[in-house]
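Inside the fold
Chain by chain, the residues:
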Amino acid sequence: ARRQGIPFIVPGYARIPGRTSFIRNNNCDQWGRTESLFRQMLGSGLDDASRRAATTFLANFRNRRPIPTSAATPARITFRTLKELFDAAQKYFRDPYDYNILPPWIHVRNRLARLGRTFFSRGFFEAPVSGEQYVYFPLHLQPESTTSVLGPYSVDQCALVENVVKSLPVGVVLYVKEHPVSVGRRPLSYYRTLHKMPGVRLISPEVNSHALILGAAAVLTISGTAGWEAVLYEKPVITLGRAFYNTSGLTHEVQSLWSLPEIIRNAIFTWRPNPERLLTFLAAVLAGTYEGEMVYPQYRFLDEDANAQQIAAALRLELTAVDQSDSVSQKV
């Protein structure tokens, strides 16, 4: 579409429950409406309503410490699992030649294999050590756009961990935590490789991520939600990918691995929070995103009709903005 000069929008998860963001004409997780509002607010300052909304959201987030929608529990057999298997079997026997549908016995094999890997992987995980200074790096779910698109040079996370450990100051260790959804999906050799690395602690996925962020000297991520949460906690954040919150100016973006040691030292020892800038960016995010859940509605108890109306209203506004922008560019 971009090569043909056709404007496009991509709906996304706004990293805030019950809200939807839109990406305009890019694949870099850049939220055009939010970025425009952020620039305006930096110039004019926050009005009382925007400041109140941002302050209230920040206080609620820090008090509630919500778990991201995508952070599901590890593999286990439940009634829902059996229902999913039954539904998959029905679809397969209805049309066994549909190459998009796996046979039910493959589903059973995959689930049993994941359960087995989940059980045996426990021996590689450990708990945080009290008083230890660490940089926190949560592993990303793969394959996913957070690495393949937003952080294509960090797809090999084992290699990335090795490079990060080499860049840490003396006395600082790296806490690597598995993504809850990935437990049992990666081969045991993956955990074995990370577990053997000097200076790395492979933290159990059951450890609360909020506690790890709050206790960290810095948080390092490719483009994940943990980075956004760390920004909200006013912790130093280092990003290796194109995250939407890089626009805030509150993160340390890694452009080259050669600069990683210096960036980590600056993040740990010299970085200072900027509360006013944080409130301004948060106000822009709240004003620049829309009410309605488009990506993860199945995880929330939503009124489907009301949610559909909110999404329709958001799409109407976004399409109008794209149409106006396209008209202006054609006149120019």
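Reference entry: report on the structure contained in this document. Treat the numbers as computed from the prediction; the structure is a model and nothing was measured. (Residues numbered from 1 in each chain as written. Predicted model: local features only at pLDDT ≥ 70, side-chain atom pairs only at ≥ 80, totals over all residues. Heavy atoms only, no water.)

1. Re helix α9 (residues 225-232)
Here α9 lies mainly inside the structure; seven of its eight residues are buried. Where α9 terminates, the next one or two residues include Glu 234, which has phi positive at roughly 60 degrees. (Buried < 20%, exposed > 50% of the residue type's maximum accessible area, 1.4 Å probe, protein only. Helix = DSSP H or I, 4+ residues; strand = E, 2+ residues; numbered from the N terminus.)

2. Notes on empty space enclosed by the protein
What the rule picks out here adds up to three cavities of 30 Å³ or more. One number sums up the size of the largest cavity: a volume of about 50 Å³. Tallied by class, residues from the lining of the largest cavity come to four nonpolar, one polar and two charged. When its volume is computed, the second largest cavity comes out at roughly 40 Å³. Lining the second largest cavity, in full, are Ser 21, Phe 22, Trp 31, Gly 32, Arg 33, Thr 34, Gly 288, Thr 289, Tyr 290 and Glu 318. Listing elements by their share of the lining of the second largest cavity, those giving two or more residues are β2 (19-24) and α1 (32-44). It is α1 that contributes the most residues to the lining of the second largest cavity, three residues altogether. Split into classes, the residues belonging to the lining of the second largest cavity amount to three nonpolar, five polar and two charged. (1 Å grid on protein atoms, 1.4 Å probe; cavity = no way out; pocket = protein on both sides within 12 Å on 5 of 7 lines; lining within 4 Å. Points joined across faces, edges and corners; volume = space filled by probe spheres on them. Nonpolar A, V, L, I, M, F, W, Y, C, P; charged D, E, K, R; others polar.)

3. Structural notes on unusual backbone geometry
Cis peptide bonds are those with omega within 30 degrees of zero, and the linkage from Gln 142 to Pro 143 qualifies with -5 degrees. Locating Pro 143 in the fold gives a position in the loop between β3 (134-138) and α5 (145-148). At Arg 65, a residue that is not glycine, the phi angle is positive and equals roughly 50 degrees. Mapped onto the elements of the fold, Arg 65 is located in the loop between α2 (48-64) and α3 (79-94). Note on Arg 65: relative accessible area 39%, which makes it partly exposed.

4. Focus on the pattern of salt bridges
The final tally for this structure, using the stated rule, is seven salt bridges. Where Arg 62 meets Glu 234, a salt bridge forms, and the shortest distance between an N and an O atom there is 3.1 Å. You can see Arg 62 sitting in helix α2 and its partner Glu 234 sitting in the loop between α9 and β7 (237-239), a full 172 residues away along the chain. What makes Glu 234 partly exposed here is its relative accessible area of 22%. (Salt bridge = Lys/Arg side-chain N within 4 Å of Asp/Glu carboxyl O.)

5. A word on the sheet that holds strand β9 (residues 290-291)
Spatial strand order, β1-β2-β9: three strands in an open sheet with antiparallel pairing. Both edges of this open sheet fall to β1 (9-13) and β9, since each of them pairs with a single strand only. In the sheet, β1 pairs with β2 via five bridges, with the strands oriented antiparallel. What sits directly across from Ile 9, in β2, is Arg 24. (Pairing = 2+ DSSP bridges.)

6. Considering the packing of aromatic side chains
Throughout the structure, instances matching the rule amount to 15 aromatic pairs. Ring geometry for Trp 228 against Phe 281: centres 6.0 Å apart, planes inclined by 75 degrees, an arrangement best described as edge-to-face. With Trp 228 in helix α9 and Phe 281 in helix α11 (residues 275-288), this residue pair connects regions lying 53 residues apart in the sequence. The same class applies to Trp 228 as to Phe 281, namely buried. Look at Phe 244 and Phe 281: their rings are 6.4 Å apart centre to centre, the planes differ by 25 degrees, and that puts the pair in the stacked class. Taken together, the residues Phe 244 in the loop between β7 and β8 (251-253) and Phe 281 in helix α11 connect sequence positions 37 residues apart. Each residue in the set Trp 31, Phe 38, Trp 228, Phe 244, Tyr 245 and Phe 281 is aromatic and connected to the rest through ring pairs, giving one cluster. The positively charged end of Arg 186 is found above the aromatic ring belonging to Tyr 190, 4.9 Å away from the centroid. (Phe/Tyr/Trp six-rings, centres within 6.5 Å; stacked < 30°, edge-to-face > 60°. Lys NZ or Arg CZ within 6 Å of the ring centre and 35° of its normal.)

7. So, the sheet that holds β7
The parallel open sheet is built from six strands, whose spatial order is β5-β4-β3-β6-β7-β8. Either end of the sheet is taken by a strand with one partner, and the two such strands are β5 (200-203) and β8. Strand-to-strand twist in this sheet, taken as the mean axis angle between neighbours without regard to direction, amounts to 25 degrees. In terms of strand pairing, β3 meets strand β4 (residues 173-177) through five bridges, oriented parallel. (Axes fitted to C-alpha atoms, helices over the stretch in contact; angles between N-to-C directions.)

From the geometry alone we can't say anything about function, so treat these as descriptive.
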